[in-house]
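Residue-level structural notes
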Amino acid sequence: MASRILFGTNGIRGVVNKDLTPEFVTKVAIAIGTYFRARARNQKILVGYDSRTSSILLSRSLISGIASTGCNVYDVGYAPTPAIQYAVKHFEMDGCIIITASHNPPEYNGIKVVDEDAVEISRDEERKIEGIFHEEKFLRNKWSDLGKIDAFPGIIEVYKEAIKRHIDIKAIREKQFRVVVDPANGVGSLVTPYLLSEIGCEVLTINSQLDGNFPGRLPEPKPETLGVLSSTTKAVKADLGVAHDGDADRCIFTDELGNVCLGDITGTIIVDYILQRSQSRLAVTPISTSTLLEEVVKTHNAKLRWTKVGSTIVTKKMQEINAIIGMEDNGGIFYSPHQPVRDGAMTAVLMLEILAKKKTTLSQLINKLPKYHIIKERHDCPNQLKKRVHQEVLSQTEGLNRMTLDGVKVFFKDGSVLIRPSGTEAIYRIVAESKNDGRAKKIVEWGISLVKEGLKNASAR
Ligand code: MG
């Protein structure tokens, strides 16, 4: 990681022992510790991690670096990202550092820095840490003034109880739901199966032992990785299938027929429900979400605010305008009354409450929504060419009805397409939608052709 930019869309990410070596992590940790210590002397920092093979190893490097600057470190062990974030506020910590690569393949890991308000630090704050790192303006404490390092068990129980306070447990219990949970051998295994069982569901689990090799499926929850969840939900006649990504801040569902549902659609169902029963008229979502959400939000006389892609950006916008709910098309739901960050377990129980209260099935709820055909494609693009390809796409779409908030989103009379470089992978994402199936396919092909053309021109320059 020679680049001056360390933080991407979701913190620092890289391949273990290539980008993320123990010595690199220690140096980053010293920079982070120095950053926190610039605020006050006695800083209390939580550290937690996902179930990757490298997480404990890297946590040791990280903890050493932070404690060397005089911050006191509390090690919560394996835990979902939202559980660690919740613990920061609950235990009045000054921040936390989470070792996770979320949905990335097993060879990756990463570092997220979270502030005392349980939200990831802003881009400006990340720049400060990058500055300390590159200029090596490290705080080196005396031997007699090192931070303490302690284990800090028990946050999972506190987190589960917090979620329970926001839902109608009685309504869910009465329905005696059967639910299949697939946490991808990630840290969601520690929460969701137990939580759902405690609120009266019959829970069947797959891939629910911690294993950083992710032997059951890759940690990104999508139709290609959720075949077993899909067939199991159907075979055991479950009411719902629940899948998390590696750090369980996201939740993708299968309906009772075993269909893997798009996050745009289940997210819209949740936003619809929350707006129905709340006074708040504001919801937030990134530009990558389907127009379906906007159509449904408008039926509540509510406003939808579009943002750039990135969960922290959604959270910050929600805080700024005091929105009750946010959602991402990847299965991220942000429910402010609990915490304004995405939270996979909270999402799962909200969906169960909706099924209980509406006395219906998920497939029926989906059938009632306006029909959009949404096609999500990807195209390889080396990171160093992303900017040039973006310029090419900009010039190719000149004069069309478009939004350039993040990538380029082109609107047609009967559909739209978003062409956007991924912040975490060497790919371009192309997402098209239309109420007409054939038209959606045409639009997505057009979007892919723009990226291909852009790559050709960008490589030739
Ligand atoms: Mg995640």
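Since this is a predicted model, take the numbers as computed values, not measurements.

Details of empty space enclosed by the protein
Inspection of every chain in the model, using the stated rule, returns 3 cavities of 30 Å³ or more. Roughly 90 Å³ of volume is contained in the largest cavity. Taken together, Thr81, Gln85, Lys112, Val119, Glu120, Asp249, Ser311, Thr312, Thr315, Phe334, Val341 and Arg342 make up the full set of residues lining the largest cavity. Within the residue set of the lining of the largest cavity, elements represented by two or more residues are α3 (81-90) and α11 (311-321). With 3 residues, α11 is the largest single contributor of residues to the lining of the largest cavity. Mapping the lining of the largest cavity onto the domain boundaries places at least three of its residues in each of domain 1 (12-153) and domain 2 (158-367). Contributing to the lining of the second largest cavity are Asp264, Ile287, Ser288, Thr289, Ser290, Ile374, Lys409, Ser416, Leu418, Val431, Ala432 and Glu433. Listed by contribution, the elements that provide at least two residues to the lining of the second largest cavity are β18 (415-421) and β19 (427-434). When grouped by side-chain class, the residues that make up the lining of the second largest cavity number 5 nonpolar, 4 polar and 3 charged.

A look at the pattern of salt bridges
According to the stated counting rule, one finds 34 salt bridges in the structure shown. Between Arg217 and Asp182 there is a salt bridge; the shortest N-O distance is 2.8 Å. With Arg217 in the loop between β8 (202-205) and α8 (227-235) and Asp182 in strand β7 (residues 178-182), the pair connects residues that are 35 residues apart, well separated along the chain. For the pair shown, Arg217 and Asp182 are each scored as buried.

Description of the coordination of the magnesium ion
The protein atoms that coordinate the magnesium ion are Ser102 (OG), Asp245 (OD), Asp247 (OD) and Asp249 (OD), at distances spanning 2.0 to 2.1 Å. All donors to the magnesium ion come from one chain, and their sequence spacing reads S-x142-D-x1-D-x1-D. By the burial criterion, Asp245 is buried, and Asp247 matches it.

Re helix α10 (residues 291-298)
Listing the buried residues of α10 in full gives Leu292, Leu293, Val296 and Val297. Looking down the long axis of α10, one finds its buried residues gathered within 130 degrees of arc, a one-sided arrangement. Where the residues of α10 are buried, they touch α9 (263-276), β11 (282-286), β12 (303-307), β13 (325-327) and β19. Where α10 begins, one side-chain oxygen reaches toward the backbone nitrogen of Leu292, 2.9 Å away; that side chain belongs to Ser290.

A word on the domain arrangement of the protein
Domain annotation for the protein reports domain 1 (12-153), domain 2 (158-367) and domain 3 (373-460). Distance between the C-alpha centres of domain 1 and domain 2: 28 Å. Counting residues at the interface gives 27 residues for domain 1 and 35 residues for domain 2. When the two sides are added together, the surface that domain 1 and domain 2 hide from each other amounts to roughly 2,300 Å², 63% of it contributed by carbon and sulfur. Across the domain 1-domain 2 interface, the total number found is 0 salt bridges. Where domain 1 packs against domain 2, one counts 11 residue pairs in polar contact (both at pLDDT 80 or more). The leading source of residues in the side of domain 1 that touches domain 2 is α3, at 6 residues.

A few points about the layout of surface pockets
The volume enclosed by the second largest pocket comes to roughly 1,200 Å³. Taken together, 46 residues form the lining of the second largest pocket, with Leu262, Gly263, Asp329, Asn330 and Lys376 sitting closest to its centre. Those elements giving two or more residues to the lining of the second largest pocket turn out to be α9, α13 (362-368), β15 (373-380), β18 and β19. Top element by residues in the lining of the second largest pocket is β15. It accounts for 5 residues. The residue inventory of the lining of the second largest pocket, partitioned by class, reads 17 nonpolar, 15 polar and 14 charged. Inspection of the lining of the second largest pocket shows a minimum of three residues originating in each of domain 2 (158-367) and domain 3 (373-460).

Quick look at the environment of Leu304
In this structure, Leu304 sits in strand β12. Remark: the alpha-carbon pair of Leu304 and Thr285, spanning 19 residues in sequence, is separated by 7.2 Å. Each residue touching Leu304, except ones within four places of it in the same chain, is listed here: Ala283, Val284, Thr285, Leu293, Glu294 and Val297.

Considerations on the packing of aromatic side chains
One pass over the full model with this rule turns up 6 aromatic pairs. In textbook terms, an aromatic cluster arises when at least three aromatic residues are bridged by ring pairs, as seen for Tyr74, Phe91 and Phe152. In this arrangement the basic side chain of Lys27 is found over the ring face of Phe133, its NZ or CZ atom lying 4.8 Å from the centre. Stacked on the ring of Trp306, the Lys or Arg Lys409 has its end atom at 5.1 Å from the ring centre.

A word on α9
In this model, α9 (14 residues) spans 20 Å end to end at C-alpha, consistent with the 20 Å of a helix rising 1.5 Å per residue. Among the 14 residues that make up α9, 13 are buried, leaving the element largely enclosed by the rest of the structure.

Some details on the nonpolar core
Residues Leu46, Ile155, Val179, Leu240, Ile270, Ile325 and Leu362 are the most contacted members of the largest nonpolar core, which totals 71 residues. Ranked by residue count, the leading element in this core is helix α12 (residues 344-358), at 10 residues. Counting contributing residues per domain, this core is built from domain 1 (12-153) and domain 2 (158-367), each supplying no fewer than three. Once residues lying within four places of it in the same chain are set aside, the contact partners of Leu46 are Tyr74, Val76, Ile84, Ala87, Val88, Met93, Gly95, Cys96, Ile97 and Phe152. By size, the runner-up hydrophobic cluster in this structure holds 32 residues, among which are Phe7, Ala31, Leu58 and Ile129.

Some thoughts on the sheet that holds strand β14 (residues 333-335)
The pairing of strands in a sheet happens through backbone hydrogen bonds and is either parallel or antiparallel. The strand order across the open sheet built from 4 strands is β12-β11-β13-β14, with neighbouring strands paired in mixed fashion. In the strand order of this sheet, the two ends are held by β12 and β14, each with one partner. Taken pair by pair, the neighbouring strands of this sheet meet at an average axis angle of 20 degrees, ignoring direction. In the packing of α10 onto the sheet, contacts are made with β11, β12 and β13, and the angle to β12 comes to roughly 155 degrees. Across the face of the sheet, α11 comes into contact with β11, β12, β13 and β14 while running at roughly 160 degrees to β11.

Conventions and cut-offs
Residues numbered from 1 in each chain as written. Predicted model: local features only at pLDDT ≥ 70, side-chain atom pairs only at ≥ 80, totals over all residues. Heavy atoms only, no water. 1 Å grid on protein atoms, 1.4 Å probe; cavity = no way out; pocket = protein on both sides within 12 Å on 5 of 7 lines; lining within 4 Å. Points joined across faces, edges and corners; volume = space filled by probe spheres on them. Helix = DSSP H or I, 4+ residues; strand = E, 2+ residues; numbered from the N terminus. Domains from an automatic or database assignment. Nonpolar A, V, L, I, M, F, W, Y, C, P; charged D, E, K, R; others polar. Salt bridge = Lys/Arg side-chain N within 4 Å of Asp/Glu carboxyl O. Buried < 20%, exposed > 50% of the residue type's maximum accessible area, 1.4 Å probe, protein only. Donors = N, O, S within 2.8 Å, 3.2 Å for Na, K, Ca; no water. Arc of directions from axis to C-beta. Contact = heavy atoms within 4.5 Å. Polar contact = N/O pair within 3.5 Å; in protein donor to acceptor, adjacent residues only side chain to side chain. Buried area = accessible area lost by both parts, 1.4 Å probe. Phe/Tyr/Trp six-rings, centres within 6.5 Å; stacked < 30°, edge-to-face > 60°. Lys NZ or Arg CZ within 6 Å of the ring centre and 35° of its normal. Expected span 1.5 Å × (residues − 1). Core = buried A, V, L, I, M, F, W, Y, C linked by side-chain atoms within 4.5 Å. Pairing = 2+ DSSP bridges. Axes fitted to C-alpha atoms, helices over the stretch in contact; angles between N-to-C directions.

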